[in-house]
Structure formats: structure tokens, C-alpha cells
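Inside the fold
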Amino acid sequence: MSELSKKSRPQFRNIHITQILQYRLPAAGVVSILHQVSGAAMFLALPLVLLLFDWSITSELSYAQLMEVLDSFLVKLVLCGLAWAFLHHLFAGIRHLFSDLHIGLAKEQSASWGRAVLIATLGCSVLAWLKIFGAF
């Protein structure tokens, strides 16, 4: 095949920071990056989670104060972010375990797994957000 008959598609090698927005990262790549982001978010939020846990078990008074704090919209947003981070890290981790077992490594399967992880994370996150905001 000649070069002219091929559909021209830009190839990126060692992309420059100015080319980031033009680069189409596959779903598996997005999942991998978000897996790292969610792990870092959970690690950085660990002191907050431990503090909330401490308030919940110290006494009845501290538990009542915790319930007042959890009524805040800002705190609920933080909890929604943590719920997303936990769910994404869980589903992406399961995907990585399957890849360690050499399951779903083909290009098409990897893309399907990536989309499935993103959809499952979003669906479960929406359910968690609805629960956090008291919709059900």
C-alpha cells in the first residue's frame, strides 16, 4: 500500500505538553491514570477518614457532633469524591488482577474492559451519591 492511500492520522511519539489535548488516550489508559489518581486521593484522605471514625466511636456526644458535620453540603461533596475514588480503585484493581492473570490483554478486550470499568464506576458512584445526599 502506498502512503497516499492510507488514511492520515497523526502519530504521537514523545508528545509535547502542548499536544496533550489533541492526544486520544484509549479507555484502558484513562482507567490506569484514574486508578493512580484514586489511590492517591484515598491515601491523602486517610487522616480525615480516621478522624471521622474516631469521632464516631469516642462517645455519644462526639457521634452527635459528627452527624451535624455530615449534614454539611461541602462534607457530602468530599464523601462523594471519596466514594468515587474507592469504587474506581476497586474496579480498576480487579481489572489489573485479571490482566495479571493474562485475561483480556488483546487490544479489543482491553478497550472493552476499560469502558466496562468506567461505566461500572460511574453507575455505582451515582448510587452512592444518591445515598449520601439522601435521595433513597
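Preceding this paragraph is the structure being described.
First things first, this report covers the structure right here in the doc.

Along its length, the protein carries four helices and zero strands. The secondary structure elements of the protein, listed N-terminal to C-terminal, are α-α-α-α. The C-alpha radius of gyration of the protein comes to 21 Å, more than 25% above the 14 Å expected for a compact globule of 136 residues. Considered along the principal axes of its C-alpha atoms, the protein spans approximately 75 × 35 × 30 Å. Considering the protein as a whole, with its 136 residues, one finds that 19% of them fall into the buried category. Sequence separation of at least 24 residues holds for 70% of the intrachain contacts in the protein that already meet a minimum separation of 6. Accessible area of the protein: about 10,300 Å², with a carbon and sulfur share of 68%. Across the protein, the mean location of the 10 positive side-chain charges is 23 Å away from that of the 7 negative side-chain charges.

The contact between helix α3 (residues 73-100) and helix α4 (residues 107-132) brings their axes to 9 Å, and the two run at 150°. In terms of axis orientation, α3 runs roughly antiparallel to α4. Regarding α3 and α4, the two cross each other, and that crossing is right-handed. Touching Lys76, Leu79, Cys80, Ala83, Trp84, Leu87, His88, Phe91, Ala92, Arg95 and Phe98 of α3 are Ser110, Trp113, Gly114, Val117, Leu118, Ala120, Thr121, Cys124, Ser125, Ala128, Trp129 and Ile132, all from α4. Tallied by class, the residues present in the contact of α3 with α4 amount to 16 nonpolar, five polar and two charged.

Moving on, we come to the side chain of Thr121. Tracing the backbone through its elements, the reader meets Thr121 in helix α4. Sequence-distant contacts of Thr121, defined by excluding residues within four places in its chain, comprise Trp84, Leu87, His88 and Phe91.

Right, let's talk about unusual backbone geometry for a bit. Unlike most non-glycine residues, His102 shows phi in positive territory, near 65°. Position of His102 relative to the elements: it lies in the loop between α3 and α4. Owing to a relative accessible area of 64%, His102 belongs among the exposed residues under this scheme.

The next thing to look at is the packing of helix α1 (residues 27-58) against α4. α4 packs onto α1 with a crossing angle of 50° between their chain directions and a minimal axis gap of 7 Å. Of the possible angle classes, the one that applies to α1 and α4 is oblique. As for how α1 packs across α4, the hand of that crossing is left-handed. Here α1 contributes Ala27, Ala28, Val30, Val31 and Leu34 to the contact with α4, which in turn contributes Ser110, Ala111, Gly114, Arg115, Val117 and Leu118. The residue inventory of the contact of α1 with α4, partitioned by class, reads eight nonpolar, two polar and one charged.

Let's shift gears to the packing of aromatic side chains. Considering all chains together, one arrives at two aromatic pairs under this definition. Their ring planes at 45° and their centres at 5.6 Å tell us that Phe73 and Phe133 sit as a pair that is tilted. Here Phe73 is found in helix α3, whereas its partner Phe133 is found in the segment after α4, with 60 residues between them in sequence. For Phe73, a relative accessible area of 56% puts it in the exposed group. Note on Phe133: relative accessible area 35%, which makes it partly exposed.

Quick notes on the rules
Residues numbered from 1 in each chain as written. Predicted model: local features only at pLDDT ≥ 70, side-chain atom pairs only at ≥ 80, totals over all residues. Heavy atoms only, no water. Helix = DSSP H or I, 4+ residues; strand = E, 2+ residues; numbered from the N terminus. Rg over C-alpha atoms; globule rule 2.2 N^0.38 Å. Buried < 20%, exposed > 50% of the residue type's maximum accessible area, 1.4 Å probe, protein only. Contact = heavy atoms within 4.5 Å. Areas by Shrake-Rupley, 256 points an atom, 1.4 Å probe, with all protein chains shown as cover. Lys, Arg positive; Asp, Glu negative; His and termini not counted. Charge placed at Lys NZ, Arg CZ, Asp CG, Glu CD. Axes fitted to C-alpha atoms, helices over the stretch in contact; angles between N-to-C directions. Parallel < 35°, antiparallel > 145°, perpendicular 65-115°, else oblique. Left-handed = near helix turned anticlockwise from the far one by under 90°. Nonpolar A, V, L, I, M, F, W, Y, C, P; charged D, E, K, R; others polar. Phe/Tyr/Trp six-rings, centres within 6.5 Å; stacked < 30°, edge-to-face > 60°.

Any functional reading would require information that these geometric values do not contain.
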